[in-house]
Structures are given as structure tokens and as C-alpha cells.
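Reading the structure
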Amino acid sequence: MNLLHNKIFIILFLFNLNACQSGEIKKPGDEILPKIISLSSSDGIAGDKIVISGSGFNANSVVMFGSEKAVIVRISTTEIEVTVPPGQNNVVVQVYNGKLFSNSLNFSYKSPTPVITEISKEEGIENDTISISGTNFNDESTVFFETNIARTKAPIIDISPIKIRVKVPSISQTGSMSVKVYNGKQESNSITFVLLASYVNPVFEPILADPTFIKDPVSGKFFAYGTADYWHTDNRSHLVAIVRSNDFTSWNYIRDAFNSRPVWKSESNAGIWAPDINYINGKYYLFYSYSTWGDPDPGIGLAIADKPEGPFNDQGKLFLSSEINVRNSIDPLYFEENGKKFLFWGSYRNNSAETNWGTFVVDLSEDGKSVIDKSKIVKIAASDFEGVVIHKRGNYYYFFGSRGGCCDGINSTYHVLVGRSTSLKGPYYDKKGNDLAKVNGAGTLVLKGNSSFVGPGHASRIITDKGGNDWILYHAMPNNSALAQIGGVNQRALMLDEVIWSDDGWPLINDGTPSYKRKPSPKF
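Report follows, based on the coordinates. For clarity, every value in this text was computed on a predicted model and none was experimentally measured. (Residues numbered from 1 in each chain as written. Predicted model: local features only at pLDDT ≥ 70, side-chain atom pairs only at ≥ 80, totals over all residues. Heavy atoms only, no water.)

1. Topic: the state of the cysteines
If you walk through the whole model with that rule in mind, you get one disulfide. Two residues share a disulfide in this structure: Cys 406 and Cys 407, whose sulfurs sit 2.2 Å from each other. The chirality of the disulfide connecting Cys 406 with Cys 407 is left-handed, given an S-S dihedral of about -95°. (Disulfide = S-S within 2.5 Å.)

2. As for the sheet that holds strand E3 (residues 49-55)
Strands belonging to one sheet form pairs held by backbone hydrogen bonds; the direction of such a pair is parallel or antiparallel. Taking strand neighbours across the sheet as the criterion, the four strands line up as E1-E3-E7-E6 in an open arrangement whose pairing is antiparallel. On the outer flanks of this sheet lie strand E1 (35-39) and strand E6 (71-75), each paired with one strand and no other. Pairs of neighbouring strands in the sheet enclose a mean axial angle of 30°, with direction left out of account. (Pairing = 2+ DSSP bridges. Helix = DSSP H or I, 4+ residues; strand = E, 2+ residues; numbered from the N terminus. Axes fitted to C-alpha atoms, helices over the stretch in contact; angles between N-to-C directions.)

3. Notes on the side chain of Asn 278
Here Asn 278 lies in strand E28 (residues 271-280). Of note is the side chain of Asn 278, whose polar atom sits 2.9 Å from the side chain of Asp 276. (Polar contact = N/O pair within 3.5 Å; in protein donor to acceptor, adjacent residues only side chain to side chain.)

4. Considerations on the packing of aromatic side chains
Within the structure shown, the criterion is met by 30 aromatic pairs. Judged by centre distance (5.7 Å) and plane angle (85°), the rings of Phe 144 and Tyr 182 are edge-to-face. A residue pair is termed long-range when its members are at least 10 positions apart, and Phe 144 in strand E14 (residues 141-146) and Tyr 182 in strand E18 (residues 175-183) qualify at 38 residues. Tyr 182 shares its class with Phe 144; the two are buried. Consider the rings of Tyr 285 and Phe 287, whose centres lie 6.4 Å apart with planes at 45°: the pair is tilted. Taking the relative accessible area as the measure of exposure, Tyr 285 reaches 3% and is therefore buried. An aromatic cluster is present here, built from Phe 213, Phe 222, Phe 248, Trp 251 and Phe 524 joined pairwise through their rings. In this arrangement the basic side chain of Arg 151 is found over the ring face of Phe 144, its NZ or CZ atom lying 3.9 Å from the centre. (Phe/Tyr/Trp six-rings, centres within 6.5 Å; stacked < 30°, edge-to-face > 60°. Buried < 20%, exposed > 50% of the residue type's maximum accessible area, 1.4 Å probe, protein only. Lys NZ or Arg CZ within 6 Å of the ring centre and 35° of its normal.)

5. Remarks on the sheet that holds strand E32 (residues 333-337)
With antiparallel pairing, the four strands of this open sheet are ordered in space as E32-E33-E34-E35. What marks the edges here is a single partner per strand, and that holds for E32 and strand E35 (378-381). In this sheet, adjacent strand axes meet at a mean angle of 30° when their direction is disregarded. With five bridges connecting them, strand E33 (residues 340-346) and strand E34 (residues 359-363) associate as antiparallel partners. Residue pairing for E34: Phe 344 is matched across the bridge by Val 361.

6. Points about unusual backbone geometry
Residue Pro 311 is reached from Gly 310 by a cis peptide bond, and omega for that bond is 5°. For Pro 311, the location among the structural elements is in the loop between strand E30 (299-305) and strand E31 (313-320). Across the junction of Gly 426 and Pro 427, the peptide omega takes the value 10°, indicating a cis bond. Position of Pro 427 relative to the elements: it lies in the loop between strand E38 (415-421) and strand E39 (444-447). Of note, Asn 136 is a non-glycine position whose phi angle comes to about 65°, a positive value. Along the chain, Asn 136 falls in the loop between strand E13 (129-135) and E14. With a phi close to 45°, His 458 is a non-glycine residue in the positive phi region. By the element assignment, His 458 lies in the loop between strand E40 (453-457) and strand E41 (462-464).

Structure (C-alpha cells):
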């Protein structure tokens, strides 16, 4: 009996041992192999809730998305609901019961939908830096500026989950546009940005020295004219080049003002310098200097055209230096007020004490074609000024004049100074109270060269845009190419900058030096 009992015990023991090894009989706490049948969603973003269906799940089960552990919301033997953990790209989902792990199914992370809450600047120009604030930005985010005809990708400077800094891209179309952030195919809401027109100096090359301009009252276009000069770009000597613009920033050459040189001076190499364009009595009047370097008797002439683009028909001289008793009579400027017409002119001679050197003014005839009385001239600035411009603002007349060497390449010392008067014919005083006509070296500085441009000067008239801002043209030479390689000609390019007025009424051109970075354009 005892022997039979022992045999039965041994058989049962071996049976149970075999059953345990095969997994057919489980004790409480033993691990069961989990199995995944399906996922309620095979893609999503961090924070989504998905359900894993299968078998063999228990309270000790762990769910992994790649290397990230998911938070379990609820669990049964056949379902586990989890919160998708942070991650990116494609991963596999597996369930672990201790050392036993399930089969795997693929899960794809979708980029979260980005949201824009605000933008740091609602308007700006190309290359401006702006910050876009919001949520759900990541390393795969892209920013686009979108118009009705195109979308342009913006260069990203830096990025965080809540902020992206970008540079405004170069876009052919200005005005209102939409800014959006894309995370793959996930598209944000849009926010409005206004791209302003912009420019960068020079606004015309190679040369437009001593510039003068007019806004044509007929066409509304701008026309600018410059001293006759040789252009290495087309291997031509231009007899007062004319350039045209719709916006005052983008200029294109159209033709020369003169088909041939005037004949009232005998010198065959005489230059047509420093023209001054005006609209008088329905015609286009171009006053000009006619001179050579070192000319003992230069003078001022007049040409007239029916259209701003010419051609201009020469009317001959108004006067020679010897006829009006002013040495080196060049650089004319026409001024009209209360139906009366005046001509300012004069040129630079460093610190001369001679009374017939300097800048002067004289009355013109009613038709503007001649001087009424050559003996009645008024001196308004000393001999160390040239390139006069007179601008009326408020109760003051402002005298802008250039001083220094205009044409010595990188060594040019040209710069612009100002004085003002309550009377058109002066006296003009600088900010320190010096009389410009009596004191050599007088004048308040408004523009000088910098590390980008040398020899800025001979400014144009001032024009006010629709925004109430004042603008002025002048010439300057890029420091890295002040002289042309062919012919060694001074590359006096056309420049544009805003005139800034102080609270006490004194002007400054830009910051006192030529601008070299991109700036908002005038609003015309």
C-alpha cells in the first residue's frame, strides 16, 4: 500500500513539473506571453489616446513606443488604453509582461498642428528679423510667406517649441501677405504681414554725379539727370544721362539729354556739369554748367525740351563768369517763389578771401531764360561751398552746400553742410551762428563719408513722400570701387536717403553718413 502511494506521488510530481515548464498550468503571479492584435490608430501625436487590443495583458504590463514608455489609462486582459508618449518619425509598439514581450505593430508620429498666436512686427522689409510666437513648433517646422501668386520659404534663425525667429525673404510682390508655419503637412493658422518696398544704395550705377531730378507733372514718373561722364559699363561718354523711375528707387537709363555739345564755348573738351531740371511754363528747363578743369571763364547755359526725356535744345548761355563777375560760375540752381524766378550758382575754392568767389543769387526774367541785371547779385555763401540747394521748410530757407574734394577716388573729401535763413537771399547761419557768406569753414554737417561710401555730396532738391517723409538724392563712391578700372573715372553713383529733422529744425541726411543697409522705400 505504501509502495503504491509513493509511485502515484512521483507520477503526479513529474506531471506537474512538466506542466509548469510548458505553461499549461499557471500559479498566481506567473508571467503570460502578451499578444497585440490591433491598434485603434496607427498614427498620431504625443498626448493622443489609443487602444491596444490583444490578449495576455495584466496589471504588470508595460507599453513601449520605441524607447518611450506610455502612460496606461486603463487595462484589461484584452485591451490597454494608453497616452501616446513624446516621439517622432516611425516607431514600434510592444507590450512587456516582465521578460516576456509581445509581437510589435508600427506607429507613425504625425507632426502636431502648429499654432501662431502673434508676430513681433506687422510690417517690415526684406531681411528684417521677426519673431513668430505660438505652440507646437519643432525642428521640422518651416515658415512660408504667402501671396496670391506665390509662397516663399523664410530662412529660420532659431526655433523653440513656442517661438521661431526668421528673416523676411526676398519676395517680388510687396503688400499684405499671410505667414504660416508648416509641420510637414500640418498647417498653422495664418497671420498677416505687410512687406514694405525697400531699397539699398546705390540706387543707380555706374555714375550719375551731381544729380537733379523732377517728378514729371504729366506722367507722374521721376526723371533724374547727372553730369556728363564716361561710363566704363558701355564704353561711352554720356552728355548728361537721363534715368527714369516709377518709385524713386529703381532707375533705368533711357537716353542722353544732349545729342551734341553746345557751341557757345570754343573748348572742344568742355564738360556739361551739374545740370538742374525744372518745369517752367509748360516746358522742361535744364540749366547747366559748361566748363573744363581749370577753365578761366566757365559759364551757365540753358536747354529746353517738350518732354522730360528730351532731346533738349540748347538756348545758349545765360552768362560767362567774366560777364557776371563771379569766378568759376558753375552749379546752377533755379528757385521760384511768389511768381519770381531766381538763379543760385557758385563753386568751391578752398578758403579764398576774394569777394568774387562763392555762392551767389540773381533775379531771372519772367520767362526764366535770362538774367534781369547781372550787376545785382547777392553773395550767400563763402568760397568753400559749391553745389547749392535751397529748401523752404516752415519759416526757414535752408542752404545745403558741398565742401571738399569731389573727385579724388578713395581720397575724396566731399561732404555736405547746411545753414538757414528767414530770407531767401540770406544771410544764412549755421547752428553756431556763423554767417555762411562771411566765415570760411562755417556750416553744420549733415552728411559725410563712412566705411562703405566716400565723397558723398552735391545733393538734389528735397522731395516729400505721401508719408510726410523727406528724401534727397546725392552722389557717392563705393569705397571698394571708387575708381573704374578702365579710365580711372570716379564712380560717383546715385544715392538716396531720408532727411531727418530734429526738434529744433536742423536736418540730418540718414544718420549723417550714407546708408548701406536695406531700408524702407519712399511712399509715392
